[in-house]
Structures are given as C-alpha cells and as structure tokens.
Amino acid sequence: MIQKKICVLGAAGVGKTSLTAQFVYSKFSEKYLSSMGVKIDKKTVEVDDTQVNLMIWDIHGEEKYKKIPSSYLRGASGILMVIDGTRLDTVAVAKDIHQRVCDELGEIPIIYLLNKSDLGDAWSINDNLMAKLESANRSVFLTSAKTGANVEASFTSIAKAMLPT
Amino acid sequence: MSANSTHNSEAAMQELRKLLFEKESVRLDELENLLRDQQLHAQEVAKVLAEAVKIRNLQDEELGKSLAPTIEKSIKASIAKDPKSLSDALFPVMGPAIRKSINNSIAEMLQSLNQTLENSFSAQGLKWRLEAFRTGKPFAEVVMLNTLVYRVEQVFLIHKETGLLLQHLSFDPSLDEDADVVSSMLTAVQDFIRDSFSGSTDQGIENLRMGDLEVILETGPDVVLAVVCRGNTPRAFNEKLQTTVEQIQQLYRQALQAFDGDTEPFVSIDEHLHPLLVSDFKSEEKGQEKKKSPTKAVLVVALIMVTMLIWLGFEEAERQQTQTNWDNYISRLQSEEGIIVSSVQQDEQGYTLLGLRDPLSVDPYSLLSEYHIAANVSFFMQPYHALQEPLVLKRIKQLLQPPKSIQLIMKDSTLTIIGTASETWLSQAEKAALYVAGVENVDSSQVSVLSSVFEDLPQDKGIKLDVLPSKPKKTITRNKKPAKKVDTDTDILKRAIALLNPPSTVEMKYAKGILYASGQASKSWIEFAKNNFSKIEEIDSFYTSKLSSKGIK
Ligand SMILES: Nc1nc2c(ncn2[C@@H]2O[C@H](COP(=O)(O)OP(=O)(O)OP(=O)(O)O)[C@@H](O)[C@H]2O)c(=O)[nH]1
Ligand SMILES: [Mg+2]
C-alpha cells in the first residue's frame with residue numbers, strides 16, 4: 001500500500017472542507033464552519049491497480065493574518081488548490097499560495113479546482129481567465145462540493161499525478 | 001641545390017626521428033603536460049592518495065597532526081552553515097551520549113502521579129507507612145515504588161517529514177483502523193506547538209497527557225516514535241524509546257530519506273517495536289487494583305493546546321502581574337495545611353507543580369481563579385495524609401461519621417470524644433480512630449454511653465442517635481482508660497473461652513473477626529455460644545459447622 005500526503009489549499013470559504021467531506025463521506029452541508037488549524041482525513045483510491053491511501057490535510061483558509069504554516073505543507077506530495085468560482089479575488093490568493101508551495105516544496109503536482117460550479121448565476125470566471133489558467137499547464141477541474149461533480153475525479157487525478165509514471 | 005638537399009636531409013632527419021622516437025616524444029609531451037596541468041596533477045595524486053595516507057599513518061602521526069586544524073576549521077564552518085545536517089549525521093552516535101540526565105527525585109515521582117492511595121486504613125497502606133518509617137524514605141516515594149502500574153497500548157512509528165505512518169502496533173486491533181490519521185494528527189499537533197513556541201526546529205513536545213492516557217513522543221531526525229500509555233511509565237521506558245529511535249535511525253536512514261509513501265521496506269521494523277508493547281501490573285497481582293477512586297481529582301489534567309491561545313496574547317506588563325499573582329498563589333499553597341509544594345517548573349506550556357497533597361486539603365486547582373492565574377498549570381500532586389491536627393480531625397470525622405451528640409477534639413495526638421453515643425458506635429470509633437495516622441491515643445472517658453435498651457435494637461449498627469428520644473431512660477457513664485492497643489488474636493480467643501466456657505471436647509480458634517469451634521458439644525451449649533459470642537466486640541461471626549452434638553446429652 002502506498003500512502004501519500006496531500007494538502008487542500010486556498011482562500012477562506014472556497015470549499016476546501018466541503019470538497020473533502022464530499023469526497024470522504026459523500027456529505028455536504030450549506031453551513032459554513034470556518035476551519036481552524038488542520039483536519040486530517042483519509043481515503044483509499046485505486047489508480048492503475050495500485051491502492052493509494054490519501055492522507056488529506058484540510059488546512060484553514062489562507063488570510064492576511066492567518067498564513068498557512070509551513071509545517072503543515074512539509075512532506076506533501078500533491079496539492080489541491082481550490083478557487084471559489086463565484087469570487088474572483090480567490091484566484092489571486094491561489095496564485096500566492098502556489099508560489100509559496102513551489103518555493104518550499106519544489107515541483108510537486110498541483111491541481112486547480114474551480115469550485116461551486118453549481119452556482120451558475122454568480123459564476124465569475126470568464127472563458128478568458130479559464131483559458132489562462134489552463135494554459136499555465138495545470139490541470140483544472142470545475143467542481144461542486146454540493147452536487148459532487150468532478151470531486152472524485154480531481155482526487156483520483158492528483159493521486160495519479162503523484163505516482164511514478 | 002645544396003639548400004634543397006639540406007632541406008631534404010632535414011626532412012629526412014625528421015622522418016627518421018619520428019620513426020625512431022615517436023613513442024618517446026608522445027610520452028615526453030604527456031610528462032610535460034602532467035607537470036604543467038594542475039587538473040591532471042590532481043588526478044594523478046588522487047590515484048595514490050589513499051594509499052599514501054595509509055602508508056604514512058603506519059609510519060607516524062604527523063599526517064593527523066597537520067590535518068587537524070584544517071578539519072576543525074571545516075567542521076566549524078559546516079556547523080555555522082547548517083547545524084542540522086551535522087547533528088543529523090551525528091545523531092546515531094551522539095544520541096546515547098546525550099541521554100537526558102535529569103535525575104532529580106521529583107522527576108521520579110512524576111512516574112507515579114495519579115496513583116491515589118485507595119484506602120489508607122488498608123493493611124497495604126499501613127505496611128507502606130511502616131516501610132517509609134523503616135527506610136527513611138518519604139511516604140510518597142514508597143507509595144510510588146509500590147504502585148507503579150502502566151500499560152503501553154499503542155506504538156506508532158511516524159515518518160517525520162510527511163507525518164505518514166510507517167508502522168503501528170496495538171493491544172487492541174480495533175484501534176488499527178485510524179492509526180494513520182492519528183499519526184498525521186500527532187505530527188500536526190507537534191508542528192503546531194513547535195511553530196507557536198520556539199524558533200528552534202528540534203524541540204518537539206515530549207508528551208501529551210489526557211486523563212489516564214499519555215502520549216510520549218520521541219523524535220529522531222527522520223522518525224517520530226509515539227507511544228500511547230495508560231498509567232505511568234517508568235523512567236527506564238523513556239530510555240528504551242530513545243534507544244529504539246536511535247537503532248531505527250541507524251538501520252533505516254537511507255530508506256527513511258528516500259521514503260515515498262511505500263511502507264514495504266519498513267515491515268521488518270516490527271521487531272524493534274514489539275518490545276515496547278509492555279505492561280506492568282504490580283499492584284494487580286496483589287489484588288490491589290480497584291477502580292480509581294473519584295478523589296483522584298488531585299490530578300488536574302492539562303491539555304496543552306487549550307492554553308496556547310491564551311499564552312500567545314501575553315504582554316510584558318501582564319507578564320509582570322502574572323508573575324506576582326503566581327508567587328502569591330504559591331506562597332498561599334505553601335501555607336495551606338496538607339499541601340507541600342516540592343517544586344515548580346515552568347516551560348512553554350505553562351507551570352508544572354510537583355508535590356504532595358492531602359485529599360482533604362483545599363483543592364489547589366480551585367484556588368487558581370482566586371489568584372487570577374490563567375496559565376496552564378499541571379498538578380502532579382502525590383496524595384498523602386497530612387498530620388496537622390485540623391486535617392487529622394477532618395479525616396476522623398469523615399471516617400467515624402459521629403452523631404450530632406458527639407464532639408471530637410484533636411490535640412497533642414490525642415483524640416478526645418465527648419458527648420453521648422451508642423456502645424456500638426463508640427467501640428467502633430475507638431478502634432478505627434487509632435488507625436488514622438496522627439492519632440496516638442483515644443480518650444473516651446467523657447462519653448455517656450446509651451443503654452443497651454437501644455443498643456440491642458436488631459441490626460441497627462448505624463443508628464442515628466439524633467433521632468432517638470432526647471432523654472434516654474438510662475445512661476451509664478463509662479470510665480475507661482485511653483485505649484492504647486488493640487487486643488491480639490490470642491487475647492480475643494482467651495476472652496472468648498472465658499465467656500463461653502466450652503467443654504473439653506471443643507476446640508476453639510480465632511482469626512480476623514471469626515471464631516471457629518470444632519469438636520463435640522451439647523446442643524444447649526452450642527445454642528448458648530451462638531447467642532453470646534457477639535458480646536465480644538471483635539468477633540463478627542462464629543463458625544460452627546465443624547461442631548456436632550451427636551452422642552452428647
Ligand atoms: N453551492 C455551493 N456551496 C459550496 C460549495 N462548496 C462549499 N460551499 C459552501 O461554502 C461555504 C464554505 O465552505 P467550506 O468548505 O467550509 O470552506 P473552506 O474552504 O473549508 O473554508 P475555511 O476552512 O474557512 O478556509 C459553506 O457554506 C459551504 O456550504 C459548492 O460547491 N457549492
Ligand atoms: Mg475549511
């Protein structure tokens with residue numbers, strides 16, 4: 001059995017905890033409980049006949065005075081970077097965190113999740129920005145923690161990216 | 001023409017030289033290069049360096065001497081640049097040498113914290129008191145030595161960098177399921193505390209305590225060994241943990257550093273971890289282990305996380321005030337009867353208070369708020385029985401449950417009982433009081449004993465005197481010498497024989513409140529004995545199953 005540590009990162013309230021809960025427990029709640037510190041869950045996925053035990057570190061949202069501590073990032077083999085598709089400002093936060101991850105962990109697989117895709121009306125990521133994100137050579141998924149769309153797919157995808165090819 | 005021929009002959013010479021010395025000239029060129037080119041030079045030296053060093057070292061020690069300053073300098077430079085790399089490299093070698101040699105007796109007491117002395121009137125309690133007296137050791141230490149109980153319930157070997165679980169062992173296989181999550185959580189907690197308190201990267205917490213459970217963390221450069229124990233592990237166990245980490249570091253260093261989530265290479269680590277799943281049930285063997293009594297509120301458990309937040313907000317001025325409050329609090333504790341503060345330790349997590357506490361004294365935890373102490377305070381107070389008279393008196397009252405009609409006075413190691421009480425209560429009280437540490441004599445000469453009219457009411461051992469008629473028909477005044485000693489078994493047997501006057505065919509024995517009779521006797525004597533044995537207060541029951549009345553009129 002292979003174990004891997006992954007971190008779910010992003011601005012506050014983008015849906016990190018919800019995505020993890022949807023993936024691990026198939027549950028969703030509208031209630032917003034802002035995370036403090038880190039919560040760790042696990043789930044095993046199968047990639048090309050290999051069982052990968054994902055240790056998922058759901059870390060509190062990055063804010064100006066509440067930066068993500070380096071110690072939580074240490075030893076991660078992959079990152080799920082979450083953006084709230086209805087809040088443009090969360091893109092910039094993701095970019096900042098991305099930079100830090102590169103500085104501290106080097107080149108590791110990072111996958112972008114544009115979350116809350118079920119909220120069509122408030123959606124604020126236009127095709128232009130979407131294309132930009134994709135062309136930056138990153139995998140991008142449109143996810144919804146609410147409907148579960150693409151949630152499984154993104155976690156499986158990061159698992160796959162972390163295994164030696 | 002001649003010029004031409006000279007030219008020709010020159011060319012011919014060249015040709016000839018080439019034919020004759022080609023090999024040599026190439027070699028000459030090579031040699032020239034060798035002398036000129038530093039790089040090639042180095043390559044040549046490299047070929048013989050090891051050999052040369054070996055040979056020289058066999059001859060004398062000059063080489064070592066001349067290299068020493070350079071080596072020293074380079075080590076210093078290396079440490080200055082990155083102390084971690086060097087200390088990591090040295091860890092397996094140095095570890096055993098830098099054993100934390102904290103060796104004060106208080107630290108030893110820590111091992112037995114939370115061991116409440118069940119019942120000081122038990123034979124065991126008295127035995128320990130005696131032992132303390134005999135050996136001159138503090139009572140608490142004797143208790144500690146006698147009650148050490150612990151069990152290691154789970155062992156986690158954690159990859160330090162990733163927090164991933166390398167190996168897990170446990171008593172109870174149902175715990176295996178979430179071991180990997182616990183493992184990650186432990187690293188996160190450890191990291192968090194480290195980040196919040198100290199800048200240095202190698203100062204991990206060493207243990208977390210939650211009620212009866214303790215998590216001991218032993219950290220090496222690449223692994224964290226976490227052990228969950230119930231009860232109190234002996235100091236030697238911590239050393240065992242250190243050795244284990246050192247061994248694992250040494251044997252698996254490369255695999256640990258190359259770890260990519262595949263635990264396969266670590267399967268054989270089992271053999272190092274199994275010896276850690278140990279337990280010690282010293283007191284259970286002796287049938288002493290009971291459920292911990294509720295009075296063990298003595299130990300206030302501190303979960304480090306809780307107070308961390310408080311800690312972070314401290315200002316310097318507040319710190320001053322806090323210090324004064326703390327000092328006042330400590331001197332208050334020291335002036336309290338039944339509390340002995342033997343040491344106060346302060347670290348990032350707060351204060352740790354070690355000492356002794358009589359369960360009947362003021363609860364030091366409840367005093368914290370009175371002194372506005374918000375810091376995290378862990379109390380490791382060994383229970384003991386204080387001999388100050390107010391506390392002795394308190395304990396006696398708890399034990400004897402005196403009726404309202406009785407007044408108890410404790411002075412100069414003598415318990416004076418005044419008032420009105422039943423014979424049953426009084427005789428029990430006289431006996432029991434002597435078992436309370438600090439009581440040497442009992443003076444009951446001023447007690448009016450209620451008549452046997454009330455005494456003989458069936459089964460009413462615990463009569464409440466205050467609900468009896470306020471004026472008993474008859475009272476007798478008892479004038480008794482202070483009860484100094486309790487009768488021995490032989491004394492009691494003698495008294496029983498005198499009272500019951502058994503026929504010669506009957507043999508009697510007495511032990512622990514039970515009177516045994518065997519042999520042959522008349523029905524009427526047996527009847528008489530059954531009715532009267534209880535007149536001797538020490539005798540609780542009378543065994544007659546070995547008595548027969550066959551063939552006797
Ligand atoms: N409609 C919709 N709501 C979502 C979705 N994902 C999350 N939410 C809601 O967004 C809010 C924030 O979600 P969380 O999962 O707690 O966000 P978070 O990133 O963990 O927040 P922090 O822990 O504070 O950083 C909650 O009220 C969720 O119900 C989604 O896909 N669709
Ligand atoms: Mg959250």
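Model, not experiment: these values are computed from the prediction.

In this structure, what is going on with the packing of helix α1 (residues 16-25) of chain A against helix α5 (residues 151-162) of chain A? I would like to understand it.
Helix packing for two helices is described by the angle between their axes and how far apart those axes are. Residues and elements named next belong to chain A. It is the contact of α1 with α5, at a shortest axis distance of 9 Å, that shows an interaxial angle of 90 degrees. Classified by the interaxial angle, the pair formed by α1 and α5 is roughly perpendicular. Judged by residue contacts, Leu19, Thr20, Gln22 and Phe23 of α1 engage Val151, Glu152 and Phe155 from α5. Among the residues forming the contact of α1 with α5, the class breakdown is 4 nonpolar, 2 polar and 1 charged.

Just to check I follow, could you spell out the sheet that holds strand β7 (residues 339-347) of chain B for this structure?
Backbone-to-backbone hydrogen bonds join strands into a sheet, with any given pair of strands oriented parallel or antiparallel. All names here are of chain B. Taken in spatial order, the 3 strands make up an open sheet running β7-β8-β9, and their pairing is mixed. Across the chains shown, the open sheet's two edge strands, defined by having one partner strand only, are β7 and β9 (377-383). Taking the axes of each pair of neighbouring strands and ignoring which way they run, one obtains an average angle of 15 degrees across the sheet.

Whenever I open this one, the coordination of the magnesium ion (ligand 2) confuses me. Can you help?
Each donor-metal-donor angle in an ideal tetrahedron of four donors is 109.5 degrees, and each such angle in an ideal octahedron of six donors is either 90 or 180 degrees. Taken together, Thr17(A) (OG1) and Ser35(A) (OG) make up the protein donors of the magnesium ion (ligand 2), found 1.9 to 2.0 Å from the metal. Of this pair, Thr17(A) sits in helix α1 while Ser35(A) sits in the loop between α1 and β2 (38-47), placing them 18 residues apart in sequence.

When you look at the interface of chain B and chain A in this model, what are you seeing that I'm missing?
Where the parts come together, the accessible area they lose is often given as the size of the interface. Taken together, the contact between chain B and chain A spans 19 residues of the former and 16 residues of the latter. Buried surface at the junction of chain B and chain A, summed over both partners, amounts to about 1600 Å²; 52% is from carbon and sulfur atoms. For chain B, the biggest contributors to the area lost against chain A are Glu161(B), Leu164(B) and Asp180(B); these three give 24% of the whole. Counting across the interface, chain B meets chain A through 1 salt bridge. The element contributing the most residues to the side of chain B that touches chain A is helix α8 (residues 179-197) of chain B, with 9 residues. In terms of residue class, the side of chain B that touches chain A is built from 6 nonpolar, 4 polar and 9 charged.

Even after reading the chapter, I still don't get the environment of Thr233(B), so can you show me in this structure?
The topology assignment puts Thr233(B) in the loop between β5 (223-231) and α9 (235-257). Separated by 19 residues in sequence, Thr233(B) and Glu214(B) have C-alpha atoms that sit 9.0 Å apart.

Before we go on, may I ask you to explain the pairing of strand β4 (residues 213-219) of chain B in this structure?
Note on strand geometry: in a regular strand, side chains alternate between the two faces of the sheet. Residues and elements named next belong to chain B. For β4, the tally of buried residues reaches 5 of 7 residues, placing the bulk of the element in the interior. As defined by bridge partners, β4 adjoins β5 across 7 bridges and the pair is classed as antiparallel. Directly across from Val215, in β5, lies its bridge partner Val228.

It is not clear to me how unusual backbone geometry should be interpreted in this structure. Could you clarify?
Backbone phi values are negative for most residues with the exception of glycine, while trans is the configuration of most peptide bonds. Residue and element names in this part refer to chain A. With a phi close to 70 degrees, Lys116 is a non-glycine residue in the positive phi region. Within the fold, Lys116 resides in the loop between β5 (110-115) and α4 (127-135). Its relative accessible area of 22% is what places Lys116 among the partly exposed residues. The residue Asn150 is not glycine, and still its phi comes out positive at about 65 degrees. Summarising the element assignment, Asn150 is placed in the loop between β6 (139-142) and α5. The class of Asn150 is partly exposed, set by a relative accessible area of 35%.

Even after reading the chapter, I still don't get the site of ligand 1, so can you show me in this structure?
Residue and element names in this part refer to chain A. Taken together, 23 residues form the shell around ligand 1, and within it Thr17, Ser18, Ser29, Glu30 and Tyr32 come nearest. Take Glu30: an N or O atom from its main chain is 2.7 Å from an oxygen atom of ligand 1. Between Lys146 and ligand 1, the recorded distance is 3.4 Å, taken from a backbone N or O atom to an oxygen atom. For ligand 1, whose accessible area on its own is 640 Å², the fraction buried by protein is 94%. When residues of the shell around ligand 1 are assigned to their parent elements, the largest contribution, 3 residues, is made by α1. Here the residues of the shell around ligand 1 are counted per class, giving 6 nonpolar, 11 polar and 6 charged.

How should I be thinking about the sheet that holds strand β14 (residues 506-511) of chain B in this particular structure?
Residue and element names in this part refer to chain B. Here we have 3 strands laid out as an open sheet, ordered β14-β15-β16, and mixed in their pairing. What marks the edges here is a single partner per strand, and that holds for β14 and β16 (541-548). Averaged over neighbouring strand pairs, the angle between their axes works out to 15 degrees when direction is ignored. Bridge count for β14 against strand β15 (residues 514-520) is 6 bridges, and the pairing is antiparallel. Note that in β15 the partner of Val506 across the bridge is Gly519. Strand contacts of helix α18 (residues 489-500): β14 and β15, with the helix running at about 140 degrees to β14, the strand carrying the most contacts. Against the sheet, helix α19 (residues 523-532) touches β14 and β16, its axis set at about 170 degrees to β16.

Can you help me understand the packing of aromatic side chains in this one?
The description of an aromatic ring pair rests on the distance of the ring centres and on the angle between the ring planes. Residue and element names in this part refer to chain B. In the structure shown here, the tally under the stated rule is 10 aromatic pairs over all chains. Summarising the aromatic geometry, the rings of Tyr252 and Phe266 are spaced 6.0 Å apart at their centres and angled 40 degrees between planes, so their arrangement reads as tilted. One end of the pair, Tyr252, is in helix α9; the other, Phe266, is in the loop between α9 and α10 (270-273), with 14 residues separating them in the sequence. Neither residue differs from the other here; Tyr252 and Phe266 are each classed as buried.

For this particular structure, what's the right way to read the nonpolar core?
Side chains of nonpolar character tend, in soluble globular proteins, to be buried together. Of all hydrophobic cores here, the largest spans 52 residues; its most connected members are Leu9(A), Trp57(A), Ile79(A), Leu225(B) and Leu273(B). With 6 residues, the single largest contributor to this core is α9(B). Ignoring sequence-local partners within four residues, the contact set of Ile79(A) consists of Cys7(A), Leu9(A), Val101(A), Leu105(A), Ile108(A), Pro109(A), Ile110(A), Ile111(A) and Ile158(A). Ala11(A), Phe23(A), Ile111(A) and Ala145(A) belong to the second-largest nonpolar core, a separate cluster that totals 25 residues.

Each value, and the rule that gives it
- For every chain, the first residue of the written sequence is number 1, and numbering continues from 1 onward in sequence order.
- Labels follow written order: the first chain is A, the first ligand is 1, and so on.
- Since the coordinates come from a predicted model, pLDDT governs what is reported: local features require at least 70, and pairs of side-chain atoms require 80 or more to be given and counted, while whole-chain, interface and lining totals use all residues.
- The basis for the side-chain values is all heavy atoms of the structure; hydrogens and waters are excluded.
- Axes here mean lines fitted to C-alpha atoms, for a helix over just the part in contact, with angles spanning 0 to 180 degrees between N-to-C directions.
- By definition, any uninterrupted DSSP run of H or I lasting at least four residues is a helix, any uninterrupted run of E lasting at least two residues is a strand, and each is numbered from the N terminus.
- We call two directions roughly parallel when the angle between them is under 35 degrees, roughly antiparallel when it is over 145, roughly perpendicular when it lies between 65 and 115, and oblique otherwise.
- Whether two residues are in contact is decided by their heavy atoms: any pair within 4.5 Å suffices.
- Just so you know the grouping, Ala, Val, Leu, Ile, Met, Phe, Trp, Tyr, Cys and Pro go in nonpolar, Asp, Glu, Lys and Arg go in charged, and all remaining residues, Gly too, go in polar.
- Note on pairing: two strands pair once DSSP finds at least 2 bridges between them.
- For Na, K and Ca the donor cut-off is 3.2 Å, while for other metals it is 2.8 Å, and in both cases only N, O and S atoms qualify; water is not among them, so sites may look incomplete.
- Here the quantity called buried area is the total loss of accessible area, with a 1.4 Å probe, experienced by two parts when brought into contact, counted for both.
- Put simply, a salt bridge is a Lys or Arg side-chain nitrogen that is within 4 Å of an Asp or Glu carboxyl oxygen.
- Under the scheme applied here, a residue whose accessible area is under 20% of the maximum for its type counts as buried, over 50% as exposed, and between as partly exposed, the area being computed with a 1.4 Å probe on protein chains only.
- Summary of the distance rule: residues count as near a molecule or strand when at least one heavy atom falls within 4 Å of that molecule or strand.
- Polar contacts, as counted here, are pairs of nitrogen or oxygen atoms within 3.5 Å of one another; within protein the pair requires one atom able to donate a hydrogen and one able to accept it, and residues that are adjacent in sequence qualify only if both atoms are side-chain atoms.
- Residue exposure ignores everything except the shown protein chains as possible cover, and the areas themselves are Shrake-Rupley values with a 1.4 Å probe.
- Ring geometry is summarised as follows: Phe, Tyr and Trp rings, the Trp one being its six-membered ring, pair when their centres sit within 6.5 Å, and such pairs are stacked at plane angles under 30 degrees, edge-to-face over 60 and tilted between the two.
- Residues enter a nonpolar core if they are buried and are Ala, Val, Leu, Ile, Met, Phe, Trp, Tyr or Cys, with the set joined through side-chain atoms within 4.5 Å.

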